[in-house]
Amino acid sequence: MSRPSSLALLLSQLGSHVAGEFARRLEPLGLTPAHVGVLRTLAVRPGINQQELAEVIGAVPSRVVKLLDELGARGLVERRRSEIDRRHHELHLSPAARSKLDAVMATVVEHDRAIGAGLTAEEKRELVALLGKLAEARGLGGLAHPGFRGSET
């Protein structure tokens, strides 16, 4: 069977494969890619509230509540009453989340290595630059991920 020549089809196939493999690699850590997105966001934006988190990651509020409840039950996220606005809770990583994020980063490095197998270092740099250019032209990037959109649960 010949390889598809459509850019959109190849990117779709690879995107699906890469996402599935990443989820599989996270299973031993007891996390999903969505959990990692929340943890990563809180690592760079400590103290934001649930509404801000939903906006940053591009998720519906009910999805954020569910993810925070799951991460809270695992002892990875803490909700603290805001000193500035007592109506809100600030979100923070727990000390346990720091070591969990270290394990996630090791998983990311291994995942990246496996996905890029078969390419030279120069080819990887070129591919990342080209994909970055495509993503930027479509307003993608940052902490938001399209996988968070449209999912209520």
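Please refer to the structure higher up on the page.
Residues numbered from 1 in each chain as written. Predicted model: local features only at pLDDT ≥ 70, side-chain atom pairs only at ≥ 80, totals over all residues. Heavy atoms only, no water.

Before going further, it helps to spend a moment on the pattern of salt bridges. Here the structure, examined in full by the defined rule, presents 6 salt bridges. With its nearest N and O atoms 3.5 Å apart, the salt bridge here joins Lys 66 to Glu 70. Note that Lys 66 and Glu 70 are positioned in helix α4 (residues 61-73) at a spacing of 4 residues, about one turn of the helix. We classify Lys 66 as partly exposed; its relative accessible area is 38%. (Salt bridge = Lys/Arg side-chain N within 4 Å of Asp/Glu carboxyl O. Helix = DSSP H or I, 4+ residues; strand = E, 2+ residues; numbered from the N terminus. Buried < 20%, exposed > 50% of the residue type's maximum accessible area, 1.4 Å probe, protein only.)

On to the side chain of Asn 49, then. Along the chain, Asn 49 turns up in the loop between α2 (33-44) and α3 (50-57). Judged by relative accessible area, which is 13%, Asn 49 ranks as buried. In terms of polar contacts, Asn 49 uses its side chain to reach the backbone amide nitrogen of Glu 52, at 2.8 Å. In this structure, Asn 49 is in contact with His 88, His 89 and Leu 91, ignoring residues within four places of it in sequence. (Polar contact = N/O pair within 3.5 Å; in protein donor to acceptor, adjacent residues only side chain to side chain. Contact = heavy atoms within 4.5 Å.)

Before going further, it helps to spend a moment on helix α6 (residues 121-137). Here α6 is 17 residues long and its end C-alpha atoms lie 24 Å apart, about the 24 Å a rise of 1.5 Å per residue gives. Among the residues trailing α6, Gly 139 stands out with phi positive, at a value near 75 degrees. (Expected span 1.5 Å × (residues − 1).)

Time to look at the packing of α2 against α3. If you want to describe how two helices pack, look at the angle between their axes and the distance between the axes. Two elements in contact, α2 and α3, have axes whose closest approach is 11 Å; the angle formed by their N-to-C orientations is 110 degrees. When the axis of α2 is compared with that of α3, the two are roughly perpendicular. Here the hand of the crossing between α2 and α3 comes out right-handed. Within the contact between the two elements, α2 uses Gly 37, Val 38, Thr 41 and Leu 42 and α3 uses Leu 53, Val 56 and Ile 57. (Axes fitted to C-alpha atoms, helices over the stretch in contact; angles between N-to-C directions. Parallel < 35°, antiparallel > 145°, perpendicular 65-115°, else oblique. Left-handed = near helix turned anticlockwise from the far one by under 90°.)

Residues Leu 7, Leu 11, Leu 119, Leu 127 and Leu 131 make up a contiguous nonpolar surface patch of roughly 400 Å² in combined accessible area. Looking at the nonpolar patch, the elements with two or more residues in it are α1 (7-26) and α6. Examined against the element boundaries, Leu 7 turns out to sit in helix α1. In this structure Leu 7 comes out as exposed when scored by relative accessible area, which is 54%. (Patch = residues over 30% accessible without salt bridge, like charges linked within 9 Å, V, L, I, M, F, W, Y side chains within 5 Å. Areas by Shrake-Rupley, 256 points an atom, 1.4 Å probe, with all protein chains shown as cover.)

This part covers the packing of α2 against α4. Two elements in contact, α2 and α4, have axes separated by 10 Å at closest approach and are oriented at 85 degrees. Regarding the angle of α2 to α4, the classification is roughly perpendicular. In this structure, α2 uses Ala 34, His 35, Val 38 and Leu 39 to contact α4, whose residues at the interface are Arg 63, Leu 67, Leu 68, Glu 70 and Leu 71. A breakdown of the residues in the contact of α2 with α4 according to their chemical character gives 6 nonpolar, 1 polar and 2 charged. (Nonpolar A, V, L, I, M, F, W, Y, C, P; charged D, E, K, R; others polar.)

Another point: the environment of Asp 112. For Asp 112, the position within the fold is in helix α5 (residues 95-115). Taking the C-alpha atoms as reference points, Asp 112 and Ser 99, 13 residues apart in sequence, are found 20 Å from one another.

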